[in-house]
Amino acid sequence: MITSGPVVVTIPARRRKLLEHASRKGRHRIVLAFLRRHERMTTPGWIVRMHWSRTDATRIEGAAIHGAPSIRLPNRVSAVALRLPVVRQAWRNDCEAASLSMMLGGRVGQRQLQRELPISRPFRPRIVDGRTVWGDPERGFVGDVRAGGYGVYDKPLLTLARRYDHGAENLTGGTVAAIVAALRAGRPIVAWIQLGPSAPWTWTSPTGRLIQANHAEHAVTLTGWSNGIISYHDPWTGTAATFPTATFSALWRTLGKRAIAGSSAIQRTSR
């Protein structure tokens, strides 16, 4: 069994027997041929490209000689595409729930997820002592999801995500490299990005905390990576799209580098 990043490849018993009894050159040919056949793997849920090295082949040969049942190699995933459903927002302001539904593979609908999100009140902005007081998106959904609302940030959405995916993780505040690494590991990601011109906005929560917001706040589901390009599903348009990693980085930074990742969708053994 060969493990490389999220991918697990099993060498069939017949081929393992050939490896055990082959000459040195014969083993090398068998392993290289096997790895070439596994440079692109496709399932109903994902497509992965691998970039195996000669060092990998040598290590596999050594494991075969010594009868090792398994070997772990560095992550050789060079491209990954997760086949997630494309969901269009049901309401003007439920991009986070729609994106989470996609991250969960469509197992839970956006309407149900929106209902399960905590609400951070007051429901509508109020003027108190000359200040605008509204909800805190770090605590729950702010405003009217149908129109005129704001949204919700990573912490409440992560808590909800973990009801359905115990492996969900907060990537907020990390690096773009960490985002790419998660995608190469087969993990779908909800990321907060800027949609349209940036328009910073502030108000005060009922507890007195200053809320840093942006009228351009939006959430999308990242579904893959290949050669510097990130693919994603946009719930606003209900379409699949891509952007260069540098473009994503700029849009992501505007919204505070917020992101949550689900468990790897690449969990089955490939042969």
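In the block above lies the structure referred to throughout.
Values in this document were obtained by computation on a predicted structure and should not be read as measured data. (Residues numbered from 1 in each chain as written. Predicted model: local features only at pLDDT ≥ 70, side-chain atom pairs only at ≥ 80, totals over all residues. Heavy atoms only, no water.)

Novice: So what exactly am I meant to see when it comes to the environment of M102 here?
Specialist: Along the chain, M102 falls in helix α4 (residues 95–103). For M102, a relative accessible area of 0% puts it in the buried group. For the pair M102 and L222, spaced 120 residues apart in sequence, the C-alpha to C-alpha distance is 9.4 Å. Residue contacts for M102: discarding those within four places in its chain leaves L84, P85, V86, V87, T221, H233 and P235. (Helix = DSSP H or I, 4+ residues; strand = E, 2+ residues; numbered from the N terminus. Buried < 20%, exposed > 50% of the residue type's maximum accessible area, 1.4 Å probe, protein only. Contact = heavy atoms within 4.5 Å.)

Novice: I would appreciate a short explanation of the packing of helix α7 (residues 176–184) against helix α8 (residues 245–254) in the present structure.
Specialist: Each pair of packed helices can be described by the angle between their axes along with the distance between the axes. Packing of α7 against α8 brings their axes to within 11 Å, and their N-to-C directions diverge by 120°. As summarised for this structure, α7 and α8 are arranged oblique, according to the angle between their axes. Remark: the crossing between α7 and α8 carries right-handed chirality. Contact with α7, carried on its side by V176, I179 and V180, involves T245, F248, S249 and W252 of α8 and no other residues of that element. Among the residues forming the contact of α7 with α8, the class breakdown is five nonpolar, two polar and no charged. (Axes fitted to C-alpha atoms, helices over the stretch in contact; angles between N-to-C directions. Parallel < 35°, antiparallel > 145°, perpendicular 65-115°, else oblique. Left-handed = near helix turned anticlockwise from the far one by under 90°. Nonpolar A, V, L, I, M, F, W, Y, C, P; charged D, E, K, R; others polar.)

Novice: It is not clear to me how the pattern of salt bridges should be interpreted in this structure. Could you clarify?
Specialist: Two side chains carrying opposite charge are able to pair once their charged atoms lie near each other. On inspection of all chains with the given rule, the structure shows eight salt bridges. When the shortest N-O distance is used, the salt bridge between R76 and D56 registers 2.9 Å. Pair noted here: R76 is in the loop between β5 (71–73) and β6 (77–82) and D56 is in helix α3 (residues 54–65), with a separation of 20 residues, a long-range link. We classify D56 as buried; its relative accessible area is 1%. (Salt bridge = Lys/Arg side-chain N within 4 Å of Asp/Glu carboxyl O.)

Novice: How should α4 be read in this particular structure?
Specialist: It helps to recall that an α-helix has 3.6 residues per turn; residues three or four apart then point in one direction. α4 sits mainly inside the fold: nine of its nine residues count as buried. Turning to α4, its buried residues are C95, E96, A97, A98, S99, L100, S101, M102 and M103. Contact partners of the buried residues in α4: α5 (110–116), α6 (154–164), β10 (189–194), β13 (217–226), β14 (229–234) and β16 (259–261).

Novice: In this structure, what is going on with the layout of surface pockets? I would like to understand it.
Specialist: In this approach a probe as big as a water molecule rolls over the atoms, and the regions it shows empty are the leftover space. Looking at the largest pocket, its volume works out to about 290 Å³. As for the largest pocket, its lining consists of 14 residues, and the residues nearest its centre are R92, N93, Y150, H215 and E217. Here the lining of the largest pocket is composed, by residue class, of six nonpolar, six polar and two charged. (1 Å grid on protein atoms, 1.4 Å probe; cavity = no way out; pocket = protein on both sides within 12 Å on 5 of 7 lines; lining within 4 Å. Points joined across faces, edges and corners; volume = space filled by probe spheres on them.)

Novice: Explain the side chain of S4 here, please?
Specialist: Here S4 is to be found in strand β1 (residues 2–4). Polar contacts involving the side chain of S4 include one to the main-chain carbonyl oxygen of P74, which spans 2.7 Å. If we ignore the near neighbours within four places in the chain, the residues touching S4 are M50, W52, L73, P74, N75 and R76. (Polar contact = N/O pair within 3.5 Å; in protein donor to acceptor, adjacent residues only side chain to side chain.)

Novice: Quick question: what am I supposed to make of the nonpolar core here?
Specialist: Within soluble globular proteins, side chains that are nonpolar generally end up buried alongside one another. Judged by nonpolar contacts, the single largest core of 28 residues is most densely connected at L100, Y150, L157 and I260. At the level of secondary structure, the elements contributing two or more residues to this core comprise α4, α6, β10 and β12 (210–214). Aside from chain neighbours lying at most four places away, what touches Y150 is N93, E96, W134, P137, V142, G143, W201, W203, A213, N214, E217 and L255. Counting residues in each nonpolar core, the second largest holds 26 residues, with W46, A57, I71 and I266 among its members. (Core = buried A, V, L, I, M, F, W, Y, C linked by side-chain atoms within 4.5 Å.)

Novice: How should helix α2 (residues 24–37) be read in this particular structure?
Specialist: In this model α2 runs 20 Å from its N-terminal to its C-terminal C-alpha over 14 residues, within 8% of the 20 Å that 1.5 Å per residue would give. Those residues of α2 that fall on the buried side of the exposure criterion are G26, R27, I30, V31, F34 and L35. Across the axial projection of α2, the buried residues extend over an arc of 160°, all falling on one side. With respect to the buried face of α2, the exposed residues turned more than 90 degrees away are K25, R29 and R36. Buried residues along α2 sit in contact with β1, β2 (7–9), α1 (13–21) and α3. (Expected span 1.5 Å × (residues − 1). Arc of directions from axis to C-beta.)

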